[in-house]
Amino acid sequence: MTRRDFIWKWSAYGVALLVTTVVQAYVLSRLPVLGVTAVLLPQAVAAMAVLEGPTSGAGLGVAAGVVSMSLFHGGPMAIVAYALIGLLVGLVTQYVLRQDFWGCVICTGVVLALRGACLVVPRYAAGVAPLPVLLRVAVPELVYSFLLTGLVYLLFRFVCHKFGRIALA
Amino acid sequence: MKKFFRENGGLILIIAVLLAAVLGVTGAIFNVNPVSNILGVLTTPFRDGLNAVANWMEDGYNYAFRYEELEEENQRLRERVAELEQDAREYEDAVSQNARLRNLLGLQERRFDFEFEEATVTVRSSTNWESVFTINKGSSSQVEVGDCVVDEYGNLVGVINEVQLNWSTLATVVDASTELGGRIVRTDDTAVLEGDFSLMRQGLLRLSYLPEDTELISGDQITTSGVGTRYPSGLVVGSIQSVLTDDSGLSRYAEVVPAADLENVKYVYVIKSFDVVE
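Anyway, here's the lowdown on the structure attached to this text. Computed from a predicted model, the values in this text were never measured in an experiment. (Residues numbered from 1 in each chain as written. Chains lettered and ligands numbered in written order. Predicted model: local features only at pLDDT ≥ 70, side-chain atom pairs only at ≥ 80, totals over all residues. Heavy atoms only, no water.)

When its secondary structure is counted, chain B shows five helices and twelve strands. Expressed as a percentage of contacts within chain B between residues at least 6 apart in sequence, the contacts between residues at least 24 apart total 57%. (Helix = DSSP H or I, 4+ residues; strand = E, 2+ residues; numbered from the N terminus. Contact = heavy atoms within 4.5 Å.)

So, in structure tokens, the structure goes:
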């Protein structure tokens, strides 16, 4: 890959991440289903990791973590968490599953479930609310977000075809 | 093993950990988040533009599909304006009388010392786990953490909890992190207004630590008490919906409906400074 290809590739994926962020923050926030809104950043990181591998997935994870910390009130650990998601999803799809849509769907499902657990368990342990109340938020959020995985994957696959691994292969 | 991680993103992971540590330490010690600041400044024009587009589309939808409903609402609002104009005339008389009485008692007038900063709500609760708004004013407009935010009718919307250069976030009155002193207007008793996660999903908040002999009725208005001088007193928070007993059966609490229309409020006013009145 030449330096120019590298710049084009990461700029294109940066734009894709920006689009994903804008849709999550300013479009989906106005379209709640059962009182909850969807998240798209985990799917974006998973799609990148599936299509480009663990290193690129971790790299986009760092960017997604910075976005999450800055715009969605996530803490600094969001950077590490998203980088880990990119790394692990890339490794799993490269060596265990397949680097295709179904690999992305399976990994995204697991990531969203883990994310839900990380949001529910501390709040339940701290006595913020009873478990059924927390699950009434976590489960619809997981399902709603999961249903949008395909759209995010298609966006990143488009970028991959034009500027990424598939284009450069 | 070393080669495996070197070739598969191990270096990126190390960079991520270091970056998170630096940003975490910077934020904890110096209370500064330059990355949030930069990203917020860069995305503010997009946020404002998209907000304008979304509002335009929402208005178009309302015009196309809710015209009759809007016409009826318009008529109701016209009647209400007429009533309020009458009330305003009576209020002016009462204000004059009140001012004379205050002068007699030596009380200072409170509300005229509020310094407001008008702002627009650009993003609502971007996550499902908190009730937080983002507004388009920040430190450049002298907004500070802890400032109260009210709507155009003076109803409390929330409290500023994060400030950046040209944007801020406020936790609304129903957010689980909310905690401030409340006063029951009718009985003049004080209690504690708290956010509750389960009530937050219903758009309500909780009034706790009620005095034992207090008799509350549905509709009782709750204002800020100003105890502790952190927040101004007299800001309308909401009204009581119901009085319940907690799980232990030992104490009561009330569910409070916010007076501010949190679903639709667009223009808010940050109270940047106020004088404490005894």
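In this structure, glycine 59 of chain A sits in helix α3 (residues 54–71). Separated by eleven residues in sequence, glycine 59 of chain A and methionine 48 of chain A have C-alpha atoms that sit 9.3 Å apart. Residue contacts for glycine 59 of chain A: discarding those within four places in its chain leaves Trp10 of chain A together with Ile12 of chain B.

For the rest of this paragraph, the subject is the pairing of strand β6 (residues 179–184) of chain B. The side chains of a regular strand alternate, first on one face of the sheet and then on the other. Residues and elements named next belong to chain B. In the sheet, β6 pairs with strand β7 (residues 189–194) via six bridges, with the strands oriented antiparallel. Pairing of leucine 180 across the sheet is with leucine 193, part of β7. Linking β6 to β7, which pair antiparallel, is a turn of four residues; within it aspartate 188 sits at a positive phi near 65°. With three bridges connecting them, β6 and strand β9 (residues 221–224) associate as antiparallel partners. (Pairing = 2+ DSSP bridges.)

Residue and element names in this part refer to chain B. Taken as a whole and judged by the stated rule, the model has ten salt bridges over all chains. With a closest N to O distance of 3.0 Å, lysine 137 and glutamate 117 form a salt bridge. Separated by 20 residues along the polypeptide, lysine 137 in the loop between β2 (132–135) and β3 (148–150) and glutamate 117 in strand β1 (residues 115–124) bring together distant segments of the chain. For glutamate 117, a relative accessible area of 16% corresponds to the buried category. A salt bridge links lysine 272 to glutamate 117, with the shortest nitrogen-to-oxygen separation between them at 2.9 Å. Residue lysine 272 is found in strand β12 (residues 267–273), and its partner glutamate 117 is found in strand β1; the two are separated by 155 residues along the sequence. With respect to burial, lysine 272 and glutamate 117 carry one shared label: buried. Salt bridges here are not isolated pairs; linked through shared partners, they connect Glu115, Glu117, Lys137 and Lys272. (Salt bridge = Lys/Arg side-chain N within 4 Å of Asp/Glu carboxyl O. Buried < 20%, exposed > 50% of the residue type's maximum accessible area, 1.4 Å probe, protein only.)

Let us look at unusual backbone geometry. Residue and element names in this part refer to chain B. Positive phi outside glycine occurs at glutamine 142, with the angle close to 65°. The phi dihedral of aspartate 188 is positive, around 65°, even though this residue is not glycine. Tracing the backbone through its elements, the reader meets aspartate 188 in the loop between β6 and β7.

Gaps left between atoms show up when a probe the size of a water molecule is rolled over them. Residues and elements named next belong to chain A. Its boundaries defined by the atoms lining it, the second largest pocket holds a volume of some 840 Å³. Along the walls of the second largest pocket sit 31 residues, with Ala81, Tyr82, Ile85, Arg115 and Cys118 positioned nearest its centre. Among the secondary structure elements, those contributing two or more residues to the lining of the second largest pocket are α2 (41–52), α4 (77–95) and α5 (101–125). When residues of the lining of the second largest pocket are assigned to their parent elements, the largest contribution, nine residues, is made by α4. (1 Å grid on protein atoms, 1.4 Å probe; cavity = no way out; pocket = protein on both sides within 12 Å on 5 of 7 lines; lining within 4 Å. Points joined across faces, edges and corners; volume = space filled by probe spheres on them.)

Further remarks concern the sheet that holds β9 of chain B. Residue and element names in this part refer to chain B. Spatial ordering of the closed barrel is given by β6-β7-β8-β11-β10-β9, a layout of six strands whose pairing is antiparallel. Between one strand axis and the next, the sheet turns by 40° as a mean value, whatever way the strands run. Pairing of β7 with strand β8 (residues 205–208) involves three bridges; the strand directions are antiparallel. Along β8, the bridge assignment pairs glutamate 194 with arginine 206. (Axes fitted to C-alpha atoms, helices over the stretch in contact; angles between N-to-C directions.)

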